[in-house]
Amino acid sequence: MTTPKDFGFTEDISMLKDTYAKFLSEQKTVENLRPSLKGTEDPYHGDQRPAFYDAQNWQQTVDLGIHAVSIPEEQGGIGMGLVAATAIAEEIGRYALATPLTNTLLATFLLRAIDTSEGNALLEAMAGGTRVGLALYGEDGSLEGDSTDVRVEDGKLLGQSWYVTDAQKSEVLIVAAHSADGIDLYKVNRQGDNVHLFDDRIVDLTRDQARIQFDHTEAQALTTAGQGLMSIQKALPALLTLTAADIAGAAEWQLQTTAEYAKVRSQFDRPIGFFQAVKHPIVDMMITADETRSLVYQAAAAYDFEPEDAARCAHLAKSSASDTAEFCANRSTQLHGGIGFTWEADVQIYHKRQMHSQFLFGDGVWQRAKLGELL
Amino acid sequence: MSEKTMTQEQAEFQTFCQAWLQENKPEPHPVALPQAAYEVTNPGHLTYLSEWQAKCYEAGLIASDLPKEYGGHGMTGCQQIASNEVRKAAVPYFINWIGLGMAVPTLLECGTEDQKRTFLPPIFSAEHIWCQGFSEPGAGSDLASLQASAVKEGDQWRINGSKVWTSLGHFAQYMLLLARQDKTDKYGGITYFLAPMDQPGITVKPIHKMTGESGFNEVFLEDAIVGDHLRVGAVGDGWKVAMATLTSERGAGVGVGAVASESPTLVMQQVIQLAKDTRRGGQRVWDDPVWRDRILKVYERTEASLQNARRSRIKALNGGAMRIPLQGKVAGSEISQSLHQIALGILGLKSSLYVGDEHAPANGKWPLGYMNTYTGTISGGSSEIQRNILGERVLGLPKTK
């Protein structure tokens, strides 16, 4: 089996991407975020930052059906594949959007990999707008299979999940836990009894994150007989690709914004972009961002059309993306000079999102270690 | 092009190319060929490679899509198929790479009807080998500062000056020549000529590269004569015509022929194999996580280059028609250089053994190849110049000069 030359990026997907991009371009995504940051700046004395997302933006996204792009038609979704979801994820990154949509896309592919009637019921709820988050990590934050610090006892969950991204935006959590048979996945009502949420203070201003404690918590099994681990592994290429797509979109914003700044900021009587010490690193941002973007679409196409090659392509994409996140963030701040180092500059918001994305589902070094095992 | 979107003509042509290449793949020359066409100095290699190119041309694998009156085969959408099949078949490269890659697109875009009819067919058949006379000792990255002079005398031009880094100059019948008819106008003072090499006013002197090979030359023009009918474009339009030539040299032009050499993917596979076959400190180099990470970083970029080429054809995803193609040279040459650096690292001290040493791995291919990667990062606009071009043309940054 081979993937289509055009990555399966059809006219329909192109229109969907344009629609969503246009929708976001008409909003001031970063400006809308700003009020939630007021008074939280100081890391020593500032307030805990409230989790933010624009509920109206989310509702409109649901109304447009974007949230259900890859939910199968049988569960009330649009039924498209990862290429379409990737196109959307790229736009989320480009606008550094605080949204439950990222988790929705990730959860869609995890639930599709779970492929049980309980999982499908949750997909159906998501098609109706239910916000689902993922609680897969233990304290070490690794994806090495059994890292979760949650266990099942008498059908109830005990222990804690770490680094739960956008936990505050979620109504339901998919929790990885040690069962009698290995790792299984459970559905938990985030606001239900015996679920204790402890907000993390995190660098990234566009996401929230929490540690969640389970204390004999009611949970519904989405997988049994230790099938959870296999589901995670099956979905992992999609999770990596979507995260890499977010990075690619944000990197393109960093590239364009830095290039624009280099045209208007003048020193030594010239726009600084005249100087090769500035011009060349901006070109290097473009080269690395383009490589990532191409690998992202390859990975998405592989997942949809050539699943046996999906893991290799996804590790490649996230490896490239993690390094691009680091490089483009680094250069964008450096080339903006003093202003880029301030809280007022939007580059710092993207920079911090990239610092977070770089490590979500494993950084470049980890991706390459996994990739090496496949070659 | 996927099978689905091919016309019947194209599908049949693809099958034909595959079968023809299989059947006509030449026996290797008794003396191993250099790694690239621009390093050929052995006259026996020239004959062998010219015959091979002529055969491919006759079969329709070169100039497939060009009109018959210019020596083409008059097909539609077939050149890319032929070039792909040639690349895949691991056959010898085409010796006349400057003719095919630079003279052909220049003549097609800017040549007169007469020039096209006269010069194109012998380029395809490798009857006429071409070289390029752009760079001078004092004009490299700042090409427009070139000083070779052209003085009009009746219906001909008298040329004086010297050119440098002239690959294939020792075999060439013609040179793509830039010379200055007006010293007061940097860009508007340059005219483009097709200069016959076989004349008393032209002397070709080989230059040895750091590898010890002598693929390129210094060319002295002392009262060389070029007829006015061999001028391309108007007097003073040489810079514009040269830009058309350089665009194709830099990987953005329409491919007319194919320069078949080892693809980056193949070299990448060889490097991985090298790491698996090389043992040090009781383990395979491949099993050393530090080395593996280093190798896979380049593997990632090699794969990204292929996917870039794929994405560049998708309008909704390519970020503009020229954005990815203009990155081709700088990325490709730097990836190739990194790959070779890694190969040397995997070999360690074994990489000190050079061509001709009986213990040299792959007869010194890796250190030789590494040194030759600087051809890619320096010639045809160095990586630094490429970054200027990308910053200015794609990102709209202020022009450095």
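Residues numbered from 1 in each chain as written. Chains lettered and ligands numbered in written order. Predicted model: local features only at pLDDT ≥ 70, side-chain atom pairs only at ≥ 80, totals over all residues.

K.L.:
So what about the overall build of chain B? Which residues, and what values?
P.N.:
Scanning chain B from N- to C-terminus turns up eleven helices and ten strands. Since a compact globule built from 401 residues should have a radius of gyration of about 21 Å, the 22 Å found for chain B is in line with a globular shape. Oriented by its inertia axes, the alpha-carbon framework of chain B measures out at about 75 × 50 × 50 Å. Sorting the 401 residues of chain B into buried and exposed places 43% on the buried side. Excluding contacts between residues fewer than 6 apart, the proportion of contacts in chain B whose partners are at least 24 apart in sequence is 70%. (Helix = DSSP H or I, 4+ residues; strand = E, 2+ residues; numbered from the N terminus. Rg over C-alpha atoms; globule rule 2.2 N^0.38 Å. Buried ≥ 20, exposed ≤ 12 C-beta atoms within 10 Å, placed from the backbone. Contact = placed C-beta atoms within 7 Å.)

K.L.:
Just give me the short version of the overall build of chain A, but keep the residues and values in it.
P.N.:
The number of helices and strands found in chain A is eleven helices and ten strands. Relative to the compact-globule value of 21 Å for 375 residues, chain A shows a C-alpha radius of gyration of 20 Å, a close match. In chain A, 73% of the contacts between residues at least 6 apart in sequence involve partners at least 24 apart.

K.L.:
Please give an account of the pairing of strand 2 (residues 149–153) of chain A that cites residues and values.
P.N.:
Residue and element names in this part refer to chain A. Where burial is concerned, the two faces of strand 2 differ: the one with Val150 and Val152 is buried and the one with Asp149, Arg151 and Glu153 is not. When strand 2 meets strand 3 (residues 156–165), the two strands line up antiparallel, connected through five bridges. For Arg151, the partnering residue across the bridge sits in strand 3 and is Leu158. Here strand 2 hands over to strand 3 after two residues, with Asp154 in that stretch at a positive phi of 50°. (Pairing = 2+ DSSP bridges.)

K.L.:
Explain the packing of helix 8 (residues 276–305) of chain A against helix 9 (residues 310–336) of chain A residue by residue, including any values.
P.N.:
All names here are of chain A. The geometry of helix 8 relative to helix 9 is characterised by a closest axis approach of 8 Å and an angle of 155° between their N-to-C directions. Looking at the two axes, helix 8 sits roughly antiparallel to helix 9. In terms of crossing hand, the pair formed by helix 8 and helix 9 is left-handed. Taken together, the residues of the contact of helix 8 with helix 9 sort by class into 19 nonpolar, five polar and two charged. (Axes fitted to C-alpha atoms, helices over the stretch in contact; angles between N-to-C directions. Parallel < 35°, antiparallel > 145°, perpendicular 65-115°, else oblique. Left-handed = near helix turned anticlockwise from the far one by under 90°. Nonpolar A, V, L, I, M, F, W, Y, C, P; charged D, E, K, R; others polar.)

K.L.:
I'd love a proper account of the interface of chain B and chain A, names of residues and values included.
P.N.:
Quite often, the size of an interface is put as the accessible area lost when its parts meet. The partner chain A presents 35 residues to the 32 residues of chain B that form the contact. Taken together, the elements giving at least two residues each to the side of chain B that touches chain A come down to helix 8 (289–312) and helix 11 (383–394) of chain B. Considering each element in turn, the side of chain B that touches chain A owes the most residues, 13 residues, to helix 8 of chain B. Taken together, the residues of the side of chain B that touches chain A break down into 15 nonpolar, eight polar and nine charged.

K.L.:
A description of the domain arrangement of chain B should follow, citing residues and the corresponding values.
P.N.:
Residue and element names in this part refer to chain B. Along its sequence, chain B is organised into domain 1 (3–128), domain 2 (131–249) and domain 3 (264–394). On a C-alpha basis, the centres of domain 2 and domain 3 stand 32 Å from each other. Here the residues of the side of domain 2 that touches domain 3 are counted per class, giving three nonpolar, two polar and one charged. (Domains from an automatic or database assignment.)

K.L.:
Which residues make up the domain arrangement of chain A, and what are the values?
P.N.:
Residue and element names in this part refer to chain A. As far as domains go, chain A holds domain 1 (11–130), domain 2 (134–226) and domain 3 (228–374). Computed over C-alpha atoms, the centres of domain 1 and domain 2 are 20 Å apart. Domain 1 puts 19 residues into the contact, and the matching count from domain 2 is 21 residues. Of all elements in the fold, only helix 5 (101–114) and helix 6 (117–127) reach the threshold of two or more residues within the side of domain 1 that touches domain 2. The element that contributes the greatest number of residues to the side of domain 1 that touches domain 2 is helix 5, accounting for six residues. Residues that form the side of domain 1 that touches domain 2 fall into these classes: twelve nonpolar, six polar and one charged.

K.L.:
Outline the packing of helix 1 (residues 8–24) of chain B against helix 3 (residues 79–88) of chain B, listing residues and values.
P.N.:
Residue and element names in this part refer to chain B. Relative orientation of the contacting elements helix 1 and helix 3 amounts to 25°, with a least axis distance of 10 Å. As summarised for this structure, helix 1 and helix 3 are arranged roughly parallel, according to the angle between their axes. In this structure, helix 1 crosses over helix 3, and the sense of that crossing is right-handed. Contacts between helix 1 and helix 3 pair Gln10, Phe13, Gln14, Cys17, Gln18 and Leu21 from the former with Ile81, Ala82, Glu85 and Val86 from the latter. Grouping the amino acids of the contact of helix 1 with helix 3 by side-chain chemistry returns six nonpolar, three polar and one charged.

K.L.:
Could you give an account of the environment of His216(A), with specific residues and numbers?
P.N.:
Inspection of the secondary structure puts His216(A) in strand 7 (residues 209–218). C-alpha separation for the pair His216(A) and Arg151(A), spaced 65 residues apart in sequence, amounts to 9.8 Å.

K.L.:
Could you give me a rundown of unusual backbone geometry, with the residues and numbers involved?
P.N.:
Excluding glycine, residues mostly carry a negative phi; peptide bonds, for their part, are mostly trans. Residue and element names in this part refer to chain B. With a phi close to 60°, Trp165 is a non-glycine residue in the positive phi region. Mapped onto the fold, Trp165 is located in the loop between strand 3 (156–164) and strand 4 (174–180). Residue classification places Trp165 among the buried positions, given that 24 C-beta atoms sit within 10 Å.

K.L.:
Which residues make up helix 8 of chain A, and what values do they have?
P.N.:
Here helix 8 of chain A contains 30 residues, and its C-alpha end-to-end distance of 43 Å stays within 8% of the 44 Å for a straight helix at 1.5 Å per residue. Most of helix 8 of chain A sits out of view: 24 of its 30 residues are buried. (Expected span 1.5 Å × (residues − 1).)

K.L.:
Quick rundown of the confidence of the model for chain B? Include the residues and the values.
P.N.:
Any segment with low pLDDT has predicted coordinates that should not be analysed in fine detail. All names here are of chain B. Chain-level pLDDT for chain B is 91 on average; 95% of the residues reach the 70-or-more range. In this model residues 250–260 is a low-confidence stretch, pLDDT under 50, and it forms 41 contacts with partners more than four residues away in sequence or in other chains. Reported for the predicted complex are a pTM of 0.90 and an ipTM of 0.92. (pLDDT = per-residue confidence, 0-100.)

K.L.:
So what's going on with helix 7 (residues 264–277) of chain B? Which residues, and what values?
P.N.:
Taking 1.5 Å per residue as the helical rise, helix 7 of chain B with its 14 residues ought to reach 20 Å, and the 20 Å between its terminal C-alpha atoms agrees with that figure. Buried residues along helix 7 of chain B sit in contact with strand 10 (283–284), helix 8 and helix 9 (328–347) of chain B.

K.L.:
Let's hear about the environment of Val267(B): which residues, and what values?
P.N.:
Following the sequence through the fold, Val267(B) ends up in helix 7. Residues Val267(B) and Pro137(B), 130 residues apart in the sequence, show an inter-C-alpha distance of 33 Å.

K.L.:
Describe in detail the environment of Gln75(A), supporting the description with residues and values.
P.N.:
As for its placement among the helices and strands, Gln75(A) is situated in the loop between helix 3 (55–64) and helix 4 (82–94). Residues Gln75(A) and Gly273(A) lie 198 residues apart in sequence; the distance between their C-alpha atoms is 51 Å.

K.L.:
Explain the pairing of strand 2 (residues 149–153) of chain B to me, and be specific about the residues and the numbers.
P.N.:
A regular strand places its side chains so that they alternate between the two faces of the sheet. All names here are of chain B. Bridge count for strand 2 against strand 3 is five bridges, and the pairing is antiparallel. Across the sheet, Ser149 pairs through a bridge with Asn160, a residue of strand 3. Linkage of strand 2 to strand 3, two consecutive antiparallel strands, is achieved through a turn of two residues, within which Gly154 is found at a positive phi near 65°.

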